[in-house]
Every structure is written in C-alpha cells, then in structure tokens.
Amino acid sequence: MAHSVWQAYLSLISFFAAVIGLYVLYNVKSKPGEELDDADHTLFALSFAYWVVHCMAVGAQSMVSPDWEIVALSLKFTAVFSYLLTFCSAMSLPLHRISIRQNQTEP
C-alpha cells in the first residue's frame, strides 16, 4: 500500500514534535506550583517515547525492500504495538488524575 506524501510529512513532523516533547519534559524546569508527580512524568515520557518508536517504524517501512518479508512484517508489528502503547499511555494520564482527585476528596 502506497502512502501519500502528506502522511509522510505529518509523520516526520510528529516525530520531531515528540522528540521536542521529551526534551522539554526532561530539561525545562517547571514553575513551583505546576510540578508533575512521578506517575504523570513517567506517563508523559512513555507517550512521547512510544510515539518516536512508532514514527521510526513507519518511516523504516518505506525504506525496506518488499523482498525482505520478515523485516517488513516486524516493522509493521512494531508500528502497531507502539501505536497501541502510545494510546494506552495517553489514556492513562486522565485516569490517573481522576483517581488522585478521588483519593483527595475521600476522608
């Protein structure tokens, strides 16, 4: 299946955005009242890291020869699994915050 050019550019842009997100997460100091707890920090880092892996796997699929079936299949599985892990990490962020709020309101 041939991908369109805009999809490749969008994947490239999102790759760099995820790398910038990881850089900001680890190198920029937050304000005193806006610090993330360890679980939020880890979930953000996992989301960005899994998305970097996904973009790399999608980009590598276009460079691999169709004759290398095993490599192409492993890249497809890597892209699917990293996409699902990114989705799970992103969905865990609000769920974690909801559970923290519920624990704070309970006596």
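Here, the structure is the one placed above.
These figures come from a predicted structure and were not determined experimentally.

The rules behind each value
- Residues numbered from 1 in each chain as written.
- Predicted model: local features only at pLDDT ≥ 70, side-chain atom pairs only at ≥ 80, totals over all residues.
- Heavy atoms only, no water.
- Axes fitted to C-alpha atoms, helices over the stretch in contact; angles between N-to-C directions.
- Helix = DSSP H or I, 4+ residues; strand = E, 2+ residues; numbered from the N terminus.
- Parallel < 35°, antiparallel > 145°, perpendicular 65-115°, else oblique.
- Left-handed = near helix turned anticlockwise from the far one by under 90°.
- Nonpolar A, V, L, I, M, F, W, Y, C, P; charged D, E, K, R; others polar.
- Buried < 20%, exposed > 50% of the residue type's maximum accessible area, 1.4 Å probe, protein only.

Caption draft 1: A look at the packing of helix H2 (residues 38-63) against helix H3 (residues 69-105). One can describe the packing of H2 onto H3 by two numbers: an axis separation of 8 Å at closest approach and a directional angle of 160 degrees. As judged from the angle between their axes, H2 and H3 are roughly antiparallel. By crossing handedness, the relation of H2 to H3 is classed as left-handed. Residue composition of the contact of H2 with H3, grouped by class: 16 nonpolar, nine polar and three charged.

Caption draft 2: Representation of the environment of Ile-13 within the structure. By secondary structure assignment, the location of Ile-13 is in helix H1 (residues 5-27). The exposed category is assigned to Ile-13, whose relative accessible area is 56%. Through-space distance from the C-alpha of Ile-13 to that of Cys-55 is 9.5 Å; in sequence the pair is 42 residues apart.

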